[in-house]
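Listed below are the residues making up each chain.
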Amino acid sequence: MKKIKIKIDYNFKIILIGEHESGISQILLRYTDCGDFIFTEEKLRYWIEYRIRILKIYDKTVKLQIWDNPPHGCIRYIGIPFKQYKYERLYKGTHGFIFVYDLSEINSFEKIKEKIYEMKKYEKEKFYYSNICKILIGNKCDIDLSQRCVNEYEVKKFASDNNMDYFETSAKNNINIDEAFECLTRNMVEKADMDENYMKGFSLYKIKNDGEIFRFWNKKVFISFVILVLILIIKKILFYFYY
């Protein structure tokens, strides 16, 4: 049987960010399993990593690589601070962020605010964050109104201030899942059509006004290497004189 080759116009990388108790893995499975996903209240005991979905937006064929936010302990690293590893490896090349919080848990919304503040802070040093498409999702909208702990006005104002579309979803009842992803994908296609640099995504690059692109990470590696060489030379000189 012949394989049908699909011409892909855009490849986008999306990362879901939030506490796992907010249901980000269930949202990912609900969207990518195209209706075959069976919801369970039991907590997922593994990291999904990522899933693929292909869809049509504005007559363009778009391939989405959607990443699950890794829980603590899933990433192994040697000699690199966790935050630095996370931003420079996992988030590199991302074209869209989906921030997810639990409508019944105020703490999950506060953590999203912290994450966004943290990413903005890193942008000043290394990253091109503000141009990346983002949406905010309040998950578990199927709960009773009495169980809601997050003020709707505050959330909508926060989303507006941070240039994000806002959706209330339910992975359990499949409410607004497709709509949220399609909104983000439309925004990414529109930006990619207007700006070819957008396909570089969230990266190690910072673009200066004159268009010059440079790497901060390579500067640090070079400086560390020079310091190491100097230390070795000094040790050799001292060894020669004393022994």
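Parameters and conventions
Numbering of residues starts from 1 in every chain and runs along the sequence as written. The predicted origin of the model limits local features to residues at a pLDDT of at least 70 and limits the giving and counting of side-chain atom pairs to 80 or more, whereas totals for whole chains, interfaces and linings rest on all residues. To get the side-chain values, all heavy atoms of the structure are used, and hydrogens and water are removed first. Stacked, edge-to-face and tilted are the three classes for Phe, Tyr and Trp ring pairs, Trp counted by its six-membered ring, which pair at centre distances within 6.5 Å; planes under 30 degrees apart are stacked, over 60 edge-to-face, the rest tilted. Buried means the residue's accessible area, taken with a 1.4 Å probe over protein chains only, is under 20% of the maximum for its type, while exposed means over 50%, and partly exposed covers the values in between. Here, axes are lines fitted to C-alpha atoms. For helices the fit covers the stretch in contact, and angles between N-to-C directions go from 0 to 180 degrees. Each helix corresponds to a stretch of at least 4 residues labelled H or I by DSSP, and each strand to a stretch of at least 2 residues labelled E; elements are numbered beginning at the N terminus. Working rule for angles: under 35 degrees goes down as roughly parallel, over 145 as roughly antiparallel, 65 to 115 as roughly perpendicular, anything else as oblique. Contacts: residue pairs with any heavy atoms within 4.5 Å of one another. Throughout this entry, Asp, Glu, Lys and Arg are counted as charged residues, while Ala, Val, Leu, Ile, Met, Phe, Trp, Tyr, Cys and Pro are counted as nonpolar. The remaining residues, Gly among them, count as polar. Should DSSP find at least two bridges between two strands, the strands are taken to pair. Salt bridges, as used here, are contacts in which a Lys or Arg side-chain nitrogen is within 4 Å of a carboxyl oxygen on Asp or Glu.

(A) Representation of the packing of aromatic side chains in the model. All chains considered together, the criterion is met by 7 aromatic pairs. Note on Y10 and F12: the rings are 5.4 Å apart at their centroids and 20° apart in plane angle, and the pair reads as stacked. Accessibility classification places Y10 together with F12 in one group, the buried group. Aromatic rings pair up to connect Y101, F109, F158 and Y166 into one cluster.

(B) View of the packing of helix α1 (residues 24–32) against helix α5 (residues 177–194). Direction vectors running N to C along α1 and α5 enclose 85°, while the axes themselves pass 10 Å from each other. The angle between α1 and α5 falls in the class roughly perpendicular. Residue-level contacts link I27, R30 and Y31 of α1 to I177, D178 and F181 of α5. Broken down by class, the residue content of the contact of α1 with α5 amounts to 4 nonpolar, no polar and 2 charged.

(C) Examining the pairing of strand β5 (residues 133–139) more closely. Of all 7 residues that make up β5, 7 are buried, and the element is covered over most of its length. With burial as the criterion, each face of β5 is covered, one bearing C133, I135, I137 and N139 and the other bearing K134, L136 and G138. One ladder, built from 7 bridges, connects strand β4 (residues 96–102) with β5; its direction is parallel. Paired with Y101 across the strands is G138, a residue of β5. Sheet topology note: the β5/strand β6 (residues 165–169) ladder contains 5 bridges and is parallel. Considered in β6, the bridge of L136 is made with Y166.

(D) Inspection of the sheet that holds β6 at higher detail. In spatial order, the strands read β2-β3-β1-β4-β5-β6; together these 6 strands make up an open sheet with mixed pairing. The open sheet has two edge strands, β2 (50–57) and β6, and neither has a second partner. Within this sheet the neighbouring strands show an average axis-to-axis angle of 25°, counted without direction. Relative to β4, strand β1 (residues 10–17) runs parallel, the two sharing 4 bridges. Each residue of the ladder has a partner; that of L16, found in β4, is I98. Of the strands in this sheet, β1, β2, β3 (60–67), β4, β5 and β6 touch α1, which is tilted by about 50° from β2.

(E) Structural context of the pattern of salt bridges. If you walk through the whole model with that rule in mind, you get 9 salt bridges. Notably, a salt bridge pairs R51 with D33, separated by 2.8 Å at the nearest N-O pair. Placement of R51 in strand β2 and of D33 in the loop between α1 and β2 is noted, with a sequence separation of 18 residues between them. By relative accessible area, R51 is classed as partly exposed at 30%. For R148, the salt bridge goes to E168, with nearest N and O atoms at 3.0 Å. Taken together, the residues R148 in the loop between β5 and α4 (152–161) and E168 in strand β6 connect sequence positions 20 residues apart. On the basis of relative accessible area, R148 is assigned to the partly exposed category, the value being 25%. Each of the salt bridges in this network shares a partner with another, and the network as a whole consists of E110, K113 and E154.

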